[in-house]
Amino acid sequence: MDQSIHIGIVGLGYVGLPLAVEFGKKMKVTGFDINQQRIEELRAGNDRTMETSSEDLKAAIQLTYTSNLDDLRSCNHYIISVPTPIDHHKRPDLTPLIRASESVGKVLEKGDIVIYESTVYPGATEEDCVPVLEKFSGLIYNKDFFCGYSPERINPGDKVHTVTNILKVTSGSTPEIAERVDQLYKSVITAGTYKASSLKVAEAAKVIENSQRDINIAFVNELAMIFNRMGIDTQEVLAAAGTKWNFLKFTPGLVGGHCIGVDPYYLTHKAQELGYNPEIILAGRRLNDNMGYYVTNRVIKHMIKKGHTVANSKVLVLGITFKENCPDIRNSRVIDVISEFREFSCNVEVYDPWADAAEVKHEYDIDLIQEPGANYDAVVLAVSHEEFKTLDMKLLCNGNAVIYDIKGLLDKDQVDERL
């Protein structure tokens, strides 16, 4: 690679940091984040997201960290990897992306390239971000500066499919820039790259990846509801169907996290702006968003059948992260289960050995317990952490407790119901 390249990576979370580390092993990189605590943590060699090890951080010898925007002025390539959440009305919230664009615009110079990794609807880079870059830099797009889009494909907690061995989609605002962006990523992505024909194509490819998964999970969630009425165990049905070579092996569950539970709303928002109502995508979203309500009501029905007084009952929820063996609590839909139990006046305790207690308190106002107690009237296994495989449910429960397994982690004869 050209040794004159200096990359500024804006946003050092689950996506930005692993990328900064890999580039920092080969070229000069300045990692920027507005969270000073995060900067100090990384300078000390610690990553609380657990996406990078202390050894990886040490190996990135050309990577420095800062929260001072002026430190980005010497950069000539920028990679923006900030969150793209939805608001309370489930509409795209581009605030972090726009603010990051404002920051980069203030230090942008002629010839620079700005690459976006955040998941957006097709057209967002050029329609929403480029005008901000032009406004704050005083430069002209595709004349003085250029853009690229390379959607992130990070899978939090996955130590097999890491940033370097997941094929990377790339694109650029001109053919020449597309090639330069592609070569930049090829220098660190061992799995290779796929150069899309335009920014919009790359943006669309990313947003449909998670929309497709969301729809498929909604399908098996609906199957679980149907099979429950038939008295059939869904996990057994899926295991049998999965013996066919082309059966898609999705499993039912709560759909949260920073991608699958969010990204489809970016696509549906843009579709509705264009006058099209995306019925299938929105139907899948509605079904998945209601799974917490469904699970809680199934547990309550089992409690009533067993003679429990629901009000003031003692309920244990195992797990609050959005997925197994990962500390990420962003958009965890386990909160829907907890909130619904509280609506029934249950006393809910939450145990998760992976989650950061202070972060959970700040985000959801929930106090995690350090260890599970005993004599619970109901136990809900919400996340399939490895630690939960060895828990003795008999020691947790009273003799008549309800055990509900959302993740299918336990054997059928150990539980009252599996989703």
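That block above? That's the structure.
What this report covers is the structure whose coordinates are included nearby.

Conventions we followed
Residues numbered from 1 in each chain as written. Predicted model: local features only at pLDDT ≥ 70, side-chain atom pairs only at ≥ 80, totals over all residues. Heavy atoms only, no water. Buried < 20%, exposed > 50% of the residue type's maximum accessible area, 1.4 Å probe, protein only. Helix = DSSP H or I, 4+ residues; strand = E, 2+ residues; numbered from the N terminus. Pairing = 2+ DSSP bridges. Salt bridge = Lys/Arg side-chain N within 4 Å of Asp/Glu carboxyl O. Phe/Tyr/Trp six-rings, centres within 6.5 Å; stacked < 30°, edge-to-face > 60°. Lys NZ or Arg CZ within 6 Å of the ring centre and 35° of its normal. Contact = heavy atoms within 4.5 Å. Axes fitted to C-alpha atoms, helices over the stretch in contact; angles between N-to-C directions. Patch = residues over 30% accessible without salt bridge, like charges linked within 9 Å, V, L, I, M, F, W, Y side chains within 5 Å. Areas by Shrake-Rupley, 256 points an atom, 1.4 Å probe, with all protein chains shown as cover.

Turning our eyes to something else, we now look at the pairing of strand S11 (residues 376–381). Counting buried positions along S11 yields 6 of 6 residues, so the element is predominantly enclosed. Pairing of strand S9 (residues 314–318) with S11, which is carried by 4 bridges, proceeds in the parallel orientation. The partner of Val317 across the bridge, within S11, is Val380. Pairing of S11 with strand S12 (residues 397–405) involves 5 bridges; the strand directions are parallel. Paired with Leu381 across the strands is Asp405, a residue of S12.

Right, let's talk about the pattern of salt bridges for a bit. Enumeration over the complete set of coordinates arrives at 26 salt bridges. Of the charged contacts, one joins Arg73 and Asp70 as a salt bridge, the two residues approaching to 3.0 Å between their closest N and O atoms. Looking at Arg73, the relative accessible area reads 40%, which means it is partly exposed. Looking at Asp70, the relative accessible area reads 46%, which means it is partly exposed. Where Arg333 meets Asp336, a salt bridge forms, and the shortest distance between an N and an O atom there is 2.8 Å. One salt-bridge network, held together by shared partners, links Arg38, Glu41, Asp47 and Arg48.

Below, the discussion takes up the packing of aromatic side chains. Across all of its chains, the model carries 4 aromatic pairs by this definition. The interplanar angle of 35° and the centroid separation of 6.2 Å between the aromatic rings of Tyr121 and Tyr266 together place this pair among those described as tilted. Residue Tyr121 is located in the loop between strand S5 (113–116) and helix H5 (124–137), and its partner Tyr266 is located in helix H9 (residues 263–273); the two are separated by 145 residues in the primary sequence. Using a relative accessible area of 0% as the deciding quantity, one classes Tyr266 as buried. Stacked on the ring of Tyr185, the Lys or Arg Lys168 has its end atom at 4.6 Å from the ring centre. In this arrangement the basic side chain of Lys244 is found over the ring face of Trp245, its NZ or CZ atom lying 4.4 Å from the centre.

Across the sheet, 5 strands lie side by side as S10-S9-S11-S12-S13; this open sheet has parallel pairing. Two strands close off the open sheet at either side, each with one partner strand: strand S10 (347–351) and strand S13 (417–418). In this sheet, S10 lies alongside S9 in parallel orientation, the contact comprising 5 bridges. In the strand pairing of S10, Lys314 is matched with Asn347. Relative to the sheet, helix H12 (residues 334–343) contacts S9, S10 and S11, its axis offset from that of S10 by approximately 155°.

What follows concerns a nonpolar patch on the surface. A cluster of nonpolar side chains, Ile226, Met230 and Ile232, forms an exposed patch at the surface whose accessible area comes to about 270 Å². In this fold, Ile232 is placed in the loop between helix H7 (199–230) and helix H8 (234–241).

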